[in-house]
Amino acid sequence: MVPWEGYVSDETMGTFAPIVLYWVYAGGYQLVLHRRPLERYRLHTLAEEDEKNLVTLPAVVRGVLLQQLVQAIVAMFLFMITSDSSTVIVQPSMVVQMFQFLVAMLVMDTWQYFVHRYMHQNKFLYRHIHSQHHRLIVPYAIGALYNHPLEGLLLDTLGGAMSFLVSGMTPRTAVFFFCFAVLKTVDDHCGLWLPYNIFQRLFQNNTAYHDIHHQLQGTKYNYSQPFFSIWDKILGTHMAYSLVSRKEGGFEARASRD
């Protein structure tokens, strides 16, 4: 039993809940990001954000909305071809769902690592496609899905579709998985190192880890996203970091080779 049962289908929730959650979670970060009490948790100063970023917030919002439009179309098509309205779907046991969740996480990580890395290694793809995301040298939450439309389709949307198909999860389980992936992706770009943030405590691949990748010296490292850093460590693209307190308040994620 889930709260939306009897009101909307699992397929509809799987399509639109991650989009709504993105704006709620990222919007919440955006509202508190500029509040003075949180300056002591920032990985970059407000001045750095204004000086270094090469794209305005309205342009970022438009880019994210475009990606989410494509994402919704693909999700509706995916659920349409994989669902049978004449069959009652029985949810597997919690143990099976947890296993499917883990498989989906590993599939998404694998897909995104190799596509992401290739977009850095191929000069044409980086210059014309992936560099759009790196216009945000100082990441912030709303910009988590700010990508070239083609990258959004290849990296995020198709990666999510493959995770769903390979894991064999039901649409209902997919609602929770896609929402979890959205929360993790937004958090990785939030620009804050918070003391009680569960994502930053449970995952080595976190806000500071991905911040290194957005820095000039880290663009060829820390490709892994959004969950684990396994592929970076296996294939030699892992860049360690240390968190250093800034005199003016906040932290700096300082890169250091292993």
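Since the structure is predicted, the reported quantities are computational estimates derived from the model, not experimental observations.

A. Inspection of the packing of helix α3 (residues 57–82) against helix α6 (residues 149–167) at higher detail. Interhelical geometry of α3 versus α6 gives an angle of 30° and a closest axis separation of 10 Å. Relative to α6, α3 is oriented roughly parallel. Both α3 and α6 take part in a crossing whose hand is right-handed. Counted together, L66, Q67, V70, Q71, V74, L78, F79 and T82 of α3 and P149, G152, L153, D156, T157, A161, F164 and L165 of α6 form the full contact between these two elements.

B. Molecular detail of the pattern of salt bridges. Going through the model one piece at a time under the given rule, you end up with 7 salt bridges. With a shortest N-O distance of 3.2 Å, K52 and E48 are connected by a salt bridge. On the criterion of helical spacing, the pair formed by K52 and E48 is a turn pair, its members being 4 residues apart in helix α2 (residues 46–52). When the shortest N-O distance is used, the salt bridge between D188 and K184 registers 2.9 Å. Here K184 and D188 lie together in helix α7 (residues 171–188), a separation of 4 residues that amounts to about one turn. With a relative accessible area of 5%, D188 lands in the buried category. Overall, K184 belongs to the buried group, its relative accessible area being 0%.

C. Structural context of unusual backbone geometry. The omega torsion of the bond from Q225 to P226 falls at 0°, within 30 degrees of zero and hence cis. By the secondary structure assignment, P226 is in the loop between α9 (207–214) and α10 (230–234). The phi dihedral of N222 falls on the positive side, at around 55°, and the residue is not glycine. Topologically, N222 is positioned in the loop between α9 and α10. Exposure remark for N222: the relative accessible area of 0% places this residue in the buried category.

D. Molecular detail of the packing of aromatic side chains. On inspection of all chains with the given rule, the structure shows 18 aromatic pairs. Seen in terms of ring centroids, Y113 and Y223 are 6.0 Å apart; in terms of plane orientation they differ by 80°. Their pairing is edge-to-face. One end of the pair, Y113, is in helix α4 (residues 94–121); the other, Y223, is in the loop between α9 and α10, with 110 residues separating them in the sequence. Taking 5.9 Å as the distance between ring centres and 45° as the angle between the ring planes, the aromatic pair formed by F180 and F199 counts as tilted.

About the cut-offs
Residues numbered from 1 in each chain as written. Predicted model: local features only at pLDDT ≥ 70, side-chain atom pairs only at ≥ 80, totals over all residues. Heavy atoms only, no water. Axes fitted to C-alpha atoms, helices over the stretch in contact; angles between N-to-C directions. Helix = DSSP H or I, 4+ residues; strand = E, 2+ residues; numbered from the N terminus. Parallel < 35°, antiparallel > 145°, perpendicular 65-115°, else oblique. Left-handed = near helix turned anticlockwise from the far one by under 90°. Contact = heavy atoms within 4.5 Å. Salt bridge = Lys/Arg side-chain N within 4 Å of Asp/Glu carboxyl O. Buried < 20%, exposed > 50% of the residue type's maximum accessible area, 1.4 Å probe, protein only. Phe/Tyr/Trp six-rings, centres within 6.5 Å; stacked < 30°, edge-to-face > 60°.

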